[in-house]
Amino acid sequence: MSIEITRLFDFPYYQLETYNLEKAFTTKYNGEWSSITTKEYIDKANQISRGLLRLGIKPNDKIAVISTTNRTEWNICDIGVLQTGAQNVPIYPTISKEDYEYVLNHSESIYCFVSDVDVLEKVNQIKENTSLKGVFTFDDIANEKSWNEILELGKDKSNQEEVEARKEAVQPDDLATLIYTSGTTGRPKGVMLSHKNIVSNVLSSFKRVPLDYGNSKGLSFLPVCHIFERMILYLYQYCGVSIYFAESLEKLTENAQEIKPQVMTAVPRLYEKIYDKIILKGEELKGIKKGIFFWAVRLGLRYEPYGANGWWYEKQLGLARKLIFSKWQAALGGELKLMVSGSAALQPRLTRIFAAADMPIMEGYGLTETSPVTSVNDERNGGFKVGTVGKVIEGVEIKIAETGEILIKGPNVMLGYYKDPEKTAAVIKDGYFYSGDKGEVDINGFLKITGRTKEMFKTSGGKYVVPPLLEGELKQSLFIEQVMVIGEGEKMPAAFIQPNFEFIREWIKHKNLEIGSTNQDIASSKIVTDRIQEEVDKCNEQFGKWEQIKRFELTPEVWGIDSGHLTPTMKMKRNIILEKYKDLFEKIYRN
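Residues numbered from 1 in each chain as written. Predicted model: local features only at pLDDT ≥ 70, side-chain atom pairs only at ≥ 80, totals over all residues. Heavy atoms only, no water.

**Quick notes on the nonpolar core**
Burial of nonpolar side chains together is a common tendency in soluble globular proteins. Inclusion rule: Remark: nonpolar core denotes a set of buried residues (Ala, Val, Leu, Ile, Met, Phe, Trp, Tyr, Cys) joined through side-chain atoms within 4.5 Å. Buried residues are those whose accessible area, probed at 1.4 Å on protein chains only, stays under 20% of the maximum for their type, while exposed residues exceed 50% and partly exposed ones sit between those limits. The helix and strand labels rest on DSSP assignments: H or I over at least four residues marks a helix, E over at least two residues marks a strand, and numbering proceeds from the N terminus. Two residues qualify as a contact provided that any one of their heavy atoms is within 4.5 Å of a heavy atom in the partner residue.
Counting 118 residues, the largest nonpolar core has Y271, F325, W328 and F354 as its most contacted members. With 10 residues, helix 9 (residues 227-239) is the single largest residue contributor to this core. Each residue touching F325, except ones within four places of it in the same chain, is listed here: A296, G300, L317, A320, I353, A356 and A357. If you look at the next biggest cluster of nonpolar residues, it comprises 25 residues, including V483, I504, I522 and V536.

**Things to note about the pattern of salt bridges**
Our working definition: Between Lys or Arg on one side and Asp or Glu on the other, a salt bridge is scored when a side-chain nitrogen of the former is within 4 Å of a carboxyl oxygen of the latter.
In this structure the tally under the stated criterion is 28 salt bridges. Close ionic contact of K207 with E394 constitutes a salt bridge, the shortest N to O distance being 3.4 Å. In this pair, K207 is assigned in the loop between helix 8 (195-205) and strand 9 (217-220) and E394 in the loop between strand 15 (391-392) and strand 16 (397-400), connecting sequence segments 187 residues apart. Take K207: its relative accessible area is 44%, and that puts it in the partly exposed class. Through salt bridges with shared partners, a single network forms among K28, E247, K251 and E258.

**With respect to the side chain of R208**
Worth spelling out the cut-off: The sign given to each residue is positive for Lys and Arg and negative for Asp and Glu; His and the chain ends receive no count.
Following the sequence through the fold, R208 ends up in the loop between helix 8 and strand 9. Of the side chains bearing the opposite charge, D378 lies closest to the buried R208, which forms no salt bridge; the N-O distance is 4.8 Å. R208 has contacts with V376, D378, R380, K391, V392 and I393, leaving out every residue within four places of it along the chain.

**Observations concerning helix 1 (residues 10-18)**
Among the residues making up helix 1, those that are buried are D10, F11, P12, Y13, Y14 and Q15. In this fold, the buried residues of helix 1 make contact with helix 2 (38-54), helix 3 (72-82), helix 7 (160-169), helix 8 and helix 9. Just past helix 1, the residue N20 takes up positive phi, approximately 45°.

If you want it as structure tokens, here you go:
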């Protein structure tokens, strides 16, 4: 009798019954890959459950897990915690110790698993300010409690019946996890996701996964503390995919060549990096080889699915795949059949070029609050369209509000924000989650993201940037009159800056500099640009690395109401400014 999956901890048991993998999870320790079977995965998870019960864990207790990299232990602990009726609170490893303290206190976590000495040191600095009763490490660290102590506590199977009773008591609508979204304008919010939220998302997303179930390998490296990768790991378990954890982003290509995965997930920034490295290698070629390489690239950038470019294009593409793109595939192991992109907008050029290279990236859309998938492309049955995030998955409904905002309804929509009914009520109305994103649905049902209802945006690395905060800081400078931060879906934030021409003319005179006095002279002056760079550098010190402005361009026009830059209340018309300076935008991001 097939196992019905209604809670997250049902996935391993389903995998045991259906696939019983020899290599359910594989992690590299000290240069050697180490695997566990599906059976060992379940046995160790039960050990953790029994050990936690002996520590006195009760239903609805919160247990934090913080890991620098994805690893087998994380998944064992996840199932071990959930089987007791407690909740897993994953925490992003690189946040500040102050944010650790906030999340641990806000979630009321009473135990914490950490991966290594770096995370441990941060936790130890704030541990006394929290309710933590104990911290357990995955790595063996002298004079510290190890997660092996919990496993040891759980070796005695005499309380397994209590574990089974706890499992039986967990209902699909019960809270499974608290996921804290990255704070931008304030403290991070704890998104409450139930077992049903995530299970329903896995089962619906499964229908978009064209893999050889039970015989595929997946490479995992996106942080599992994010719901995107975490849901993917449950999905892999359901599909019988053997999961391999990359050592780091830096070793991704090396690990891919060792593992030869059929599937992997990433954020757009990573695909950009892969593409950029490939292009740089192409630049190093000489003569006819270089000519053929860039012929293939130009061809790939024109790619349309389903042979839409005609037979002659397809014939050329076949040749390009044989001569050039096969080498791209080899760099990632040679067997990739599917890549998935989420968390931020994927540039259509990347969608085209990787699909041309026969390594298609299927872009999807969702949010932490929607567990996360709302829609995703699928090459099969005409379900793939460049420049869109695919069709809405089964069981989920979207509608576009009059404002253009995407509203989402379905079993994947969160229970709410932890301890924050006001913020919950502000985003869930009449059963619909108000996403904050703008979109449109075409005649064939493909969803296209067209912008954000708020000014906050994500870079291609999936990091949030809040332009008004940066802009406000920069406009404190006497050298800067107006500034607009850009970078939605791009690899880095940048800015258009209108210099304070009046002040700078005075500054030029005072310094006896040989610079012309027209706006164009000032905007094109290296001396002025270098001086404004100092202002940008000073501003950047106030912000996280991902928020910092990496490049800017000066505009010679005065931004005004009559010229269309500003509204009558002096607010920036962002879309119009972006359109006016699209040449500068290209210069920043494409040159």
